[in-house]
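Residue-level listing of the chains:
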Amino acid sequence: MKELDDKDRNILSILSRDAKIPLKTLAGKIGLSRSATSERILFLEKSGVIRGYRADIGQLNEGVISAYLLISLVRTPALGVLDQLAAYPEVRRVSSVSGQLDLIVEVEVSSMNQLNTIRNKVALLDEVDDVTTSIILRRDIDRLGGETGL
């Protein structure tokens, strides 16, 4: 893959803020012709730098509570824990991280009682040493968008 230059990085910066920007406007902002801008975008898409375009959708359902379960494991790797977490429909995303924590698990539930239930289930897993729960109050920036890859 070729090295990204300043024009490529500028395209990525602009598209990350406004994926629906008209090609003509984008080309004008970066100082290239529409065809040159289009070729660069096509290359960025084909090379996997641009993996998709998403709608940044706010919370649609007021009855949804999102939280992070910050997990320390007894030892790593603990692949069985990932299988067990995947079985819970409330689990939306699991990330392995470095540092004091081992996993960050994002969950979505409809009530505080349900959050407490899933948190307790996770805490009782054999390989889990400790769980800290952080409720998401709001998403100020969310460039990941939905999981549909729109």
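Here the structure is shown first, and the text comes after it.
What this report covers is the structure whose coordinates are included nearby.

**Some details on the overall build of the protein**
- Secondary structure summary: the protein contains five helices and four strands in total.
- What you see in the protein, going N to C, is helices and strands ordered as α-α-α-β-α-β-β-α-β.
- Burial analysis of the protein (150 residues in total) assigns 29% to the buried set.
- Put simply, of all contacts in the protein between residues at least 6 apart along the chain, 64% involve residues at least 24 apart.
- Summing over all exposed atoms, the protein offers an accessible surface of approximately 10,100 Å²; the carbon and sulfur share of this is 50%.

**A word on the sheet that holds strand β3 (residues 103-109)**
- One open sheet accounts for four strands, arranged β2-β3-β1-β4; its pairing is antiparallel. Edge positions in the sheet fall to β2 (91-96) and β4 (128-135), since each has one partner strand and no second. In this sheet, neighbouring strand axes are inclined to one another by 20 degrees on average, regardless of whether the strands run parallel or antiparallel.
- Bridge count between strand β1 (residues 65-73) and β3: seven bridges; the pairing is antiparallel. In the sheet register, A67 faces β3, and the bridge partner there is V107.
- Of the strands in this sheet, β1, β2 and β3 touch helix α4 (residues 79-86), which is tilted by about 10 degrees from β3.
- Here helix α5 (residues 112-123) sits on the sheet in contact with β1, β3 and β4, set at roughly 160 degrees to β4.

**Thoughts on α5**
- Relative to the 16 Å expected for 12 residues at 1.5 Å per residue, α5 spans 16 Å between its end C-alpha atoms, a close match to the ideal helical length.
- Within the span of α5, buried status applies to L115, I118 and V122. Viewed end-on, α5 has its buried residues packed into an arc of 70 degrees, placing them on one side of the element.
- Contacts from the buried residues of α5 go to β1, α4, β3 and β4.

**Quick look at the side chain of D8**
- Examined against the element boundaries, D8 turns out to sit in helix α1 (residues 6-17).
- D8 gets classed as buried once you look at its relative accessible area, which sits at 0%.
- In this structure, D8 is in contact with K2, E3, R40 and L44, ignoring residues within four places of it in sequence.

Each value, and the rule that gives it
Residues numbered from 1 in each chain as written. Predicted model: local features only at pLDDT ≥ 70, side-chain atom pairs only at ≥ 80, totals over all residues. Heavy atoms only, no water. Helix = DSSP H or I, 4+ residues; strand = E, 2+ residues; numbered from the N terminus. Buried < 20%, exposed > 50% of the residue type's maximum accessible area, 1.4 Å probe, protein only. Contact = heavy atoms within 4.5 Å. Areas by Shrake-Rupley, 256 points an atom, 1.4 Å probe, with all protein chains shown as cover. Pairing = 2+ DSSP bridges. Axes fitted to C-alpha atoms, helices over the stretch in contact; angles between N-to-C directions. Expected span 1.5 Å × (residues − 1). Arc of directions from axis to C-beta.

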